[in-house]
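In case you want the letters, here they are:
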Amino acid sequence: MIVSRVHAANARPIGFSRANPKVESMLPDTPSVSQLFQVISQAAAPAFLLGALAAFIAVLISRLNRIIDRSIYLNQISDQDQARCRLKADLPRPARRATMINRAIFWSIMGSISISVVIVVGFVSAFLHIQHERGVAILFIVAVVAFIVSLVDFAREVRIALSEFDHYG
């Protein structure tokens, strides 16, 4: 039976036997509840950014699907169809748009990976009692910069999409 009193010297319950002190000394103490609460509260902002990036990736994939549908439509126009044959001249634009959306998706995923690593590093560093502020700050900056690059590619694609040629059948 384990007694609920704690011995002050080693902060372990009295009556708790140590099987192998060498192995146990290599493992850090588990983080306290207050440390875990602090890490969870610090992970909230990156988690919201991760959710925003996931929603943004969904929008980008939806736009990419529309671009692909438009390219398929243009490629299916017969050369004998005089009324719509002129539309085939627009085929290079969907290819440029798809390239920009692909880049935007890539950078959004890189930002998502960076944010995910920020969250993991926060919990691992709390468990191992390691200072992590600089590493987390750098990863967060990388994530935000990747998101900005993604937004720039998205804005460029939208600008091309709104040009004069996309407004016809």
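Computed from a predicted structure; not experimentally measured. (Residues numbered from 1 in each chain as written. Predicted model: local features only at pLDDT ≥ 70, side-chain atom pairs only at ≥ 80, totals over all residues. Heavy atoms only, no water.)

Draft legend 1. Quick look at the overall build of the protein. For the protein, the count of helices and strands is four helices and two strands. Secondary structure elements in the protein, listed N-terminal to C-terminal, are β-β-α-α-α-α. Among the 169 residues that make up the protein, the fraction classed as buried is 27%. Counting contacts in the protein only where the partners sit at least 6 residues apart, residues at least 24 apart contribute 71% of the total. Looking at the protein as shown, the accessible area adds up to about 11,300 Å², and 67% of this sits on carbon and sulfur atoms. (Helix = DSSP H or I, 4+ residues; strand = E, 2+ residues; numbered from the N terminus. Buried < 20%, exposed > 50% of the residue type's maximum accessible area, 1.4 Å probe, protein only. Contact = heavy atoms within 4.5 Å. Areas by Shrake-Rupley, 256 points an atom, 1.4 Å probe, with all protein chains shown as cover.)

Draft legend 2. Geometry of the pattern of salt bridges. Under the counting rule described, the total for this entry stands at four salt bridges. Ionic pairing is found between R63 and E157, a salt bridge with its closest N-O pair at 2.8 Å. Placement of R63 in helix α2 (residues 33–75) and of E157 in helix α4 (residues 133–161) is noted, with a sequence separation of 94 residues between them. We classify E157 as buried; its relative accessible area is 0%. Among the salt bridges present, the one from R103 reaches D153, with a minimum N-O distance of 3.3 Å. (Salt bridge = Lys/Arg side-chain N within 4 Å of Asp/Glu carboxyl O.)

Draft legend 3. Structural detail: the nonpolar core. In this structure, L60, I101 and I115 are the most contacted members of the largest nonpolar core, which totals 16 residues. Residue assignment for this core shows that the elements contributing at least two residues are α2, α3 (92–128) and α4. The element contributing the most residues to this core is α2, with seven residues. Each residue touching L60, except ones within four places of it in the same chain, is listed here: I101, A104, I105, S108, S150 and F154. (Core = buried A, V, L, I, M, F, W, Y, C linked by side-chain atoms within 4.5 Å.)

Draft legend 4. View of the packing of aromatic side chains. Overall, the coordinates contain three aromatic pairs when judged by the stated rule. Centroid distance F56 to F154: 5.4 Å. Interplanar angle 90 degrees. Geometry classified as edge-to-face. You can see F56 sitting in helix α2 and its partner F154 sitting in helix α4, a full 98 residues away along the chain. With a relative accessible area of 11%, F56 lands in the buried category. One aromatic cluster is present, built from ring pairs that chain together F56, F147 and F154. (Phe/Tyr/Trp six-rings, centres within 6.5 Å; stacked < 30°, edge-to-face > 60°.)

Draft legend 5. Quick peek at the UniProt feature "transmembrane region" (unreviewed entry) in the protein. Using the residue numbers shown here, the UniProt feature "transmembrane region" (unreviewed entry) corresponds to residues 36–61, 104–130 and 136–155. Between the end C-alpha atoms of residues 36–61 there is a gap of 36 Å, over a span that is 100% helix and 0% strand. Structurally, residues 136–155 comprises 100% helix and 0% strand, and the distance from its first C-alpha atom to its last is 28 Å. (UniProt positions renumbered as here; feature names shortened; annotations may be inferred.)

Draft legend 6. Region of interest: the packing of α3 against α4. Closest axis-to-axis distance for the α3/α4 pair is 8 Å, and the angle between their directions is 160 degrees. The angle between the axes of α3 and α4 places the two elements in the roughly antiparallel class. In terms of crossing hand, the pair formed by α3 and α4 is left-handed. Tallied by class, residues from the contact of α3 with α4 come to 19 nonpolar, four polar and seven charged. (Axes fitted to C-alpha atoms, helices over the stretch in contact; angles between N-to-C directions. Parallel < 35°, antiparallel > 145°, perpendicular 65-115°, else oblique. Left-handed = near helix turned anticlockwise from the far one by under 90°. Nonpolar A, V, L, I, M, F, W, Y, C, P; charged D, E, K, R; others polar.)

Draft legend 7. Broad picture of the confidence of the model for the protein. Overall, the prediction assigns the protein a mean pLDDT of 80, with 78% of residues at 70 or greater. Per-residue pLDDT, averaged within each element of the protein, yields its smallest value for strand β1 (residues 6–7) (46) and its largest for α4 (93). Confidence over residues 1–10 falls short of pLDDT 50; this stretch has 14 contacts with residues more than four positions distant or in other chains. Scored below 50 in pLDDT, residues 13–17 makes 10 contacts in the model with residues more than four places away or belonging to other chains. (pLDDT = per-residue confidence, 0-100.)

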